[in-house]
Amino acid sequence: MDILTHGLIGGALAQSLAKKHRLLVASLAGFVGGILADIDILVRSSEDPLLNLEVHRALTHWLVFIPVGGLVAALILWPLLRRTLPFRKLALFTTAGYATHALLDACTSYGTQLFGPFSGNPVAWNLISVVDPVATLLLMAGFGIALTRRQAGAARVGVALMLTYLTVGGLQHERVRAQVQSIAAGQGHQPERLVVKPTLGNLVLWRTLYEFDGHYYINAIRAGFGTDAIPGDRTPVLDYQSAFAPLETDSRLFQDIERFHRFASGYLVWHPEQPGVIGDVRYAMLPHEVAPIWGIRLPANWRTAEGTVSFEHFRRTDVETRQAFLDMVLGRIQ
């Protein structure tokens with residue numbers, strides 16, 4: 001989730017636990033606790049472009065790390081707030097804020113290693129986009145009223161509205177999933193894997209893809225009063241072990257491809273617009289298209305196992321793409 005929404009929900013939860021005279025410090029402590037887990041975004045290496053993909057949403061997002069993260073946030077704020085409240089109260093507020101972070105990330109489509117170190121599999125409930133202005137505004141209203149009017153009840157209402165919004169996302173997810181299964185059955189397909197993800201900033205338009213017989217089938221679904229499908233593309237599954245069989249499995253290049261395969265949960269394709277790029281087909285600018293928004297570019301001489309991969313983004317923000325996306329959200333494209 002975006003950093004502002006993380007801070008707001010962390011601050012709102014801390015506010016809901018505070019008495020009136022401590023709402024101001026609770027707001028600050030919860031906000032800092034709510035954003036601190038994303039400190040791992042700073043872990044990068046010029047020599048290893050995939051390092052951040054493995055580190056981000058890992059250790060600092062583990063459920064078992066919550067007490068540690070809350071304590072660290074409290075220690076950061078203690079020099080500033082030590083004259084204002086006892087350390088145990090400060091730690092309560094920062095830990096409450098920190099606890100919201102990984103759980104909110106797990107509600108998005110990117111995936112978070114909630115159960116590390118026991119499991120490295122990312123958890124992605126696909127209930128909400130990583131940026132959703134409705135969710136942010138709901139939290140902002142509750143947080144702002146609680147802060148300015150010293151009313152913890154407003155923060156509780158904001159958190160309750162956010163939970164309600166996530167519940168709506170879950171109901172929408174199930175509606176869209178049922179529609180995709182119906183589409184697949186109508187074509188005589190039995191999906192081996194199926195993904196349903198909300199698109200940016202809304203719970204109306206969804207990207208779906210399923211795997212069957214060596215191909216990914218992609219459709220956009222608009223879930224309004226009804227569920228309308230926008231037929232999309234089909235693309236072959238990239239079996240990286242077969243495609244890169246000439247490479248030694250202990251070579252740096254093969255291991256980097258394998259690391260990206262894990263990051264993408266196995267949803268690999270050749271990028272249709274970028275030669276030499278392996279893409280993560282779960283994400284695209286338009287929900288019915290194949291073209292991934294990110295991937296790894298292989299070196300030109302990859303068959304000799306020389307060179308290293310680079311991680312690149314391929315976001316299209318032109319007027320035509322934005323208009324097509326808006327038309328789908330508003331139901332102008334069927």
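Residues numbered from 1 in each chain as written. Predicted model: local features only at pLDDT ≥ 70, side-chain atom pairs only at ≥ 80, totals over all residues. Heavy atoms only, no water.

## Overview of the packing of helix α1 (residues 3–16) against helix α7 (residues 152–186)
Inference 1: Put simply, α1 and α7 touch, their axes get as near as 8 Å, and they point 130° apart. In terms of axis orientation, α1 runs oblique to α7. With respect to the hand of their crossing, α1 and α7 are arranged in left-handed fashion. Listed contacts from α7 to Ile9, Ala12, Leu13, Gln15 and Ser16 of α1 are Ala152, Ala155, Arg156, Val159 and Met162. (Axes fitted to C-alpha atoms, helices over the stretch in contact; angles between N-to-C directions. Helix = DSSP H or I, 4+ residues; strand = E, 2+ residues; numbered from the N terminus. Parallel < 35°, antiparallel > 145°, perpendicular 65-115°, else oblique. Left-handed = near helix turned anticlockwise from the far one by under 90°. Contact = heavy atoms within 4.5 Å.)

## Points about the pattern of salt bridges
When charged atoms on two side chains of opposite charge get close, those side chains can pair.
Inference 1: What the rule picks out here adds up to 10 salt bridges.
Inference 2: A salt bridge links Glu211 to Arg193; the nearest nitrogen and oxygen atoms lie 3.0 Å apart. Of this pair, Glu211 sits in strand β2 (residues 205–212) while Arg193 sits in strand β1 (residues 193–198), and the two are 18 residues apart along the sequence.
Inference 3: Given a relative accessible area of 29%, Arg193 falls into the partly exposed group. (Salt bridge = Lys/Arg side-chain N within 4 Å of Asp/Glu carboxyl O. Buried < 20%, exposed > 50% of the residue type's maximum accessible area, 1.4 Å probe, protein only.)

## Looking at unusual backbone geometry
Inference 1: With omega at 0°, the peptide bond leading from Gly116 into Pro117 counts as cis.
Inference 2: Looking at the secondary structure, you find Pro117 in the loop between α5 (87–106) and α6 (133–149).
Inference 3: Here Arg150, not a glycine, exhibits a phi torsion of approximately 55°, which is positive.
Inference 4: Taking relative accessible area as the criterion, Arg150 reaches 34% and is therefore assigned partly exposed.

## So, the packing of aromatic side chains
To describe a pair of aromatic rings, you give the distance between the ring centres and the angle between the ring planes.
Inference 1: Within this structure, the stated rule accounts for 14 aromatic pairs.
Inference 2: Taking 6.4 Å as the distance between ring centres and 50° as the angle between the ring planes, the aromatic pair formed by Phe31 and Phe143 counts as tilted. Here Phe31 is found in helix α2 (residues 23–36), whereas its partner Phe143 is found in helix α6, with 112 residues between them in sequence.
Inference 3: For Phe31, a relative accessible area of 25% gives the class partly exposed.
Inference 4: Aromatic pair Phe263 and Trp294: ring centres 6.2 Å apart, planes at 50°, arrangement tilted. Pair noted here: Phe263 is in helix α9 (residues 252–263) and Trp294 is in strand β7 (residues 294–297), with a separation of 31 residues, a long-range link. (Phe/Tyr/Trp six-rings, centres within 6.5 Å; stacked < 30°, edge-to-face > 60°.)

## Observations regarding a nonpolar patch on the surface
Inference 1: A contiguous nonpolar surface patch, about 350 Å² in accessible area, is contributed by Ile3, Leu4, Leu137 and Met140.
Inference 2: Counting only elements with at least two residues in the nonpolar patch, the list comes to α1 and α6.
Inference 3: Mapped onto the secondary structure, Met140 falls in helix α6.
Inference 4: Classification of Met140 as partly exposed rests on a relative accessible area of 37%. (Patch = residues over 30% accessible without salt bridge, like charges linked within 9 Å, V, L, I, M, F, W, Y side chains within 5 Å. Areas by Shrake-Rupley, 256 points an atom, 1.4 Å probe, with all protein chains shown as cover.)

## Observations regarding the sheet that holds β7
Inference 1: What the 4 strands build is an open sheet, ordered β5-β6-β7-β8; its pairing is antiparallel. Lying at the two open borders of the sheet, with one neighbouring strand each, are β5 (268–270) and β8 (310–313). Each strand axis lies, on average, 35° off the axis of its neighbour in the sheet, ignoring direction.
Inference 2: Sheet topology note: the β5/strand β6 (residues 277–280) ladder contains 3 bridges and is antiparallel. Looking at the pairing, Val269 lines up with Gly279 of β6. (Pairing = 2+ DSSP bridges.)

## Description of the environment of Ala305
Inference 1: Along the polypeptide, Ala305 turns up in the loop between β7 and β8.
Inference 2: Remark: the alpha-carbon pair of Ala305 and Gly276, spanning 29 residues in sequence, is separated by 14 Å.
Inference 3: Not counting residues within four places of it along the chain, the set of residues in contact with Ala305 comprises Leu247, Ser251 and Leu253.

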